[in-house]
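# Summary of structural features
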Amino acid sequence: MNRVITGGYVATVDEQGTEHADGYVAVVDGRIAAVGSGAVPEEFAGLERVDASGCLVTPGLVNTHHHLYQWATRGYAQQEDLFGWLVTLYPVWAGIDAEIVSATAKAGLGMLALSGCTTAADHHYVFPRDGGDVFGALIDAGRHIGIRLHAVRGSMDRGESEGGLPPDSIVESLDDALEQTERAINEYHDPAPEAKIQVAVGPCSPFSASLDLMRGAAAVARRHGVRLHTHLAETADEEEQCLREFGLTPVDYARNLEWLGEDVWLAHGVHLKEPEIALMAETGTGIAHCPSSNARVGAGMAPISALVDAGAPVGLGVDGVASNESGGLAEELRQALLTARQRGGPKALTARQALRIGTMGGARCLGRDEHIGSIEQGKLADLAVWRLDTLKHAGIVDPVAALVFGRVPPLELLLVGGEPVVERDHLLTADEPSLTRELARASARLADS
């Protein structure tokens, strides 16, 4: 639908940080046709008008790391560190199937949309042997909700019998993991700039994927020209295990396996040393920063300010909601800012840097910064319109600060490729009560299994 958004404060998040106090954004054929200040140009005067008075207009937020299936297991292992949390939850996740993934993915993507997210990367690596087509269920959920989905076909081949943490019943053989990863790319990946569904390759982590799986997955991804994703440097325990098993830090292990580069983004990066931060920037390797999840399991505070200052790609991630029960992306803007300041003081990260991480930074991690992540002519019309003239934000003189420092504002409008997905805090693409009932049933089934 062609339209022009008028009268709002527009934060473009372009390279110059351009902002318009009385701005407009014209949307034509799913793309941004014009952005500017003041009166709408005559050529767009006939478009349907969206009155954004009292609102802040930003690019849609980009979620660079999630595990949607975990929506059925919120509230478990509340006092555990990461390894204890995983040991508690892996046997529960062994009970997931396509029906549960469908319910959790639709609920999770719906919640992301309601928090201003227009693009989400979901890392799915649990494949019970009798669970049916769980990856297909994830893809269908993405199509149903209508935001852009980067479906990361994960894998694990190190079960308990091989020294890993997950039960053997939810890991795959090396050959099956690589074969099914390639099948997912061939069946679902859309390389087009405006694609709603893209596939990436994501062995879970160094302690659940063998060296051969890490290497083989990278070869599959690069043969098909898709991106690579895994967890890395999340906890001190991980580093100790890598040193014990491989004689290498997690980053050195990844470098030896050619798992650093512009086609790679890594989840967490909490325990990165100064030379490793420089290496992320030098190689163009992205980091998905998940501040709430890291705090939930006591993993530590990622050196986000140092990564940003070094020029490394940094995006925001919700992570699985078994370690971030809120499940929204907009609140991670505030969490990222506060975490950075806890680590480095009040000048460590600004509100605008936090917004940039949540938009252009995420787009860069996913390799889509030419087409999403900022409000610029020719880019896809993925836009969030936040209402700031309510009790929650009235009187905060800086609209960007209102979004980042304050409560999550009501979402007046969310567009994905110019199409509305949320209006006035209401999800348009699915019935919320139905999503709630399906999620409750899925959670109950897992709890009883």
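So, here is what we can say about the structure in this document. Every value quoted in this text rests on a predicted model; they were computed, and no experiment measured them. (Residues numbered from 1 in each chain as written. Predicted model: local features only at pLDDT ≥ 70, side-chain atom pairs only at ≥ 80, totals over all residues. Heavy atoms only, no water.)

### Side note on the overall build of the chain
Applicable threshold: Numbered from the N terminus, helices here are DSSP runs of H or I no shorter than four residues, and strands are runs of E no shorter than two. Computation of the radius of gyration draws on C-alpha atoms, with the globule rule given as 2.2 Å multiplied by the number of residues to the power 0.38. Accessibility here uses a 1.4 Å probe with only protein chains present; expressed as a share of the type maximum, an area under 20% marks a residue as buried, one over 50% as exposed, and anything in between as partly exposed. A contact between two residues is defined here by any heavy atoms of the two lying within 4.5 Å. Areas reported as accessible are Shrake-Rupley estimates using a 1.4 Å probe. Residue values count occlusion only from the protein chains shown.
Secondary structure assignment for the chain yields 14 helices and 17 strands. Against the 2.2 N^0.38 benchmark of 22 Å for 449 residues, the chain shows a C-alpha radius of gyration of 21 Å, consistent with a compact globule. In terms of principal-axis extent, the alpha carbons of the chain reach across some 65 × 45 × 40 Å. A buried classification covers 61% of the 449 residues belonging to the chain. Within the chain, counting contacts between residues at least 6 apart in sequence, those at least 24 apart form 72% of the total. Total accessible area computed for the chain in this model is approximately 16400 Å², and 49% of it derives from carbon and sulfur atoms.

### Remarks on helix α4 (residues 174–188)
For clarity, the threshold we go by: To estimate the expected span of a helix, count its residues, drop one, and scale the result by 1.5 Å. Think of it as the arc spanned by the lines of direction from the helix axis to the C-beta atoms.
Between its terminal C-alpha atoms α4 stretches 21 Å, which fits the 21 Å expected from 15 residues at 1.5 Å a residue. Where α4 is concerned, the buried positions are Ala177, Leu178, Thr181, Ala184, Ile185 and Tyr188. Angular distribution of buried residues about the axis of α4 spans 130°; they occupy a single face of the element. Of the exposed residues in α4, those oriented more than 90 degrees away from the buried face are Asp175, Glu179 and Asn186.

### Some details on the packing of aromatic side chains
Where we set the bar: Working definition: a ring pair exists when centres of Phe, Tyr or Trp rings (six-membered ring for Trp) sit within 6.5 Å. Plane angles under 30 degrees give stacked, over 60 give edge-to-face, the rest tilted. Whether a charge sits over a ring depends on NZ of Lys or CZ of Arg being within 6 Å of the ring centre and within 35 degrees of the ring normal.
For the structure on display, the rule yields 7 aromatic pairs. Taken together, the ring pairs connect Tyr69, Trp85, Tyr90, Trp93 and Tyr125 into an aromatic cluster. Positioned above the aromatic ring of Phe127, the side-chain terminus of Arg153 is 3.7 Å from the ring centre.

### Remarks on the environment of Tyr188
What counts, and what does not: Here a polar contact means two N or O atoms within 3.5 Å. Within protein one must be a hydrogen donor candidate and the other an acceptor candidate, and residues neighboring in sequence count only if both atoms are side-chain atoms.
Relative to the assigned elements, Tyr188 resides in helix α4. Overall, Tyr188 belongs to the buried group, its relative accessible area being 10%. For Tyr188 and Leu316, which are 128 residues apart along the polypeptide, the C-alpha to C-alpha distance reads 25 Å. Apart from the residues within four sequence positions on either side, Tyr188 is in contact with Asp133, Phe135, Gly136, Ile139, Arg143, Ile197 and Val199. A distance of 3.3 Å separates polar atoms of two side chains, one belonging to Tyr188 and the other to Glu187.

### Things to note about the layout of surface pockets
Here is the rule: Cavities and pockets are found on a 1 Å grid laid over the protein atoms alone: a cavity is a set of points where a 1.4 Å probe fits but cannot escape, a pocket is an open set with protein on both sides within 12 Å along at least five of seven lines, and a lining residue has an atom within 4 Å of such a point. Grid points are joined across faces, edges and corners, and a volume is the space filled by probe spheres set on the points. By the convention adopted, Pro, Cys, Tyr, Trp, Phe, Met, Ile, Leu, Val and Ala count as nonpolar, Lys, Arg, Asp and Glu as charged, and the other residues, Gly among them, as polar.
Counted as a void, the largest pocket has a volume near 300 Å³. Lining the largest pocket are 15 residues, with Phe127, Pro128, Arg153, Glu172 and Gln180 sitting closest to its centre. Breaking the lining of the largest pocket down by element, the ones donating at least two residues are α3 (134–145) and α4. Its residues placed into classes, the lining of the largest pocket shows 6 nonpolar, 3 polar and 6 charged.

### Some words on the pattern of salt bridges
To keep things clear, this is the line we draw: Basic side-chain nitrogens of Lys or Arg form a salt bridge, by our definition, when they fall within 4 Å of a carboxyl oxygen of Asp or Glu.
Tallying each qualifying case throughout the model produces 20 salt bridges. The salt bridge involving Arg222 is made with Asp263; its shortest N-O contact spans 2.8 Å. Here Arg222, found in helix α5 (residues 211–224), pairs with Asp263, found in the loop between α7 (250–256) and β11 (264–268); they are 41 residues apart in sequence, far enough to count as distant. On the basis of relative accessibility, which here comes to 34%, the residue Arg222 falls in the partly exposed class. By relative accessible area, Asp263 is classed as partly exposed at 22%. Linking Glu239 and Lys273 is a salt bridge whose minimum nitrogen-to-oxygen distance equals 2.8 Å.

### A look at the nonpolar core
As a reminder, the rule being used: We define the nonpolar core as a collection of buried residues of types Ala, Val, Leu, Ile, Met, Phe, Trp, Tyr and Cys that are connected through side-chain atoms lying within 4.5 Å of one another.
If you look at the biggest cluster of nonpolar residues, it comprises 123 residues, and the most contacted ones within it are Trp85, Trp93, Leu109, Ile147, Met280 and Leu307. Top element by residues in this core is helix α2 (residues 98–114). It accounts for 9 residues. Contacts of Trp85, omitting those with residues within four sequence positions, involve Gln70, Tyr76, Ala77, Glu80, Trp93, Arg296, Val297, Ala322 and Ser323.

### A word on the side chain of Thr58
Inspection of the secondary structure puts Thr58 in strand β5 (residues 55–59). At 3.0 Å, the side chain of Thr58 forms a polar contact with the side chain of Trp386. What Thr58 contacts, discounting residues up to four positions off in sequence, is Ala11, Leu355, Ile375, Leu383, Ala384, Trp386 and Leu403.

### So, the pairing of strand β8 (residues 148–155)
To keep it simple, the criterion reads: The pairing criterion for strands is at least two bridges between them, as found by DSSP. Look down the strands so they point away from you; if the path from the first strand over the helix to the second goes clockwise, the crossover is right-handed.
The buried fraction of β8 is high, at 8 of 8 residues. Bridge count between strand β7 (residues 117–124) and β8: 6 bridges; the pairing is parallel. When the bridges of β8 are listed, Ala120 appears paired with Leu149. Between the parallel pair β7 and β8, the chain is carried across by α3, and the sense of this crossover is right-handed. The sheet contact formed by β8 and strand β9 (residues 197–203) spans 7 bridges and is parallel. Bridging from a neighbouring strand, Val152 pairs with Ala200 of β9. In this fold, the crossover linking β8 to β9 by way of α4 has right-handed handedness.

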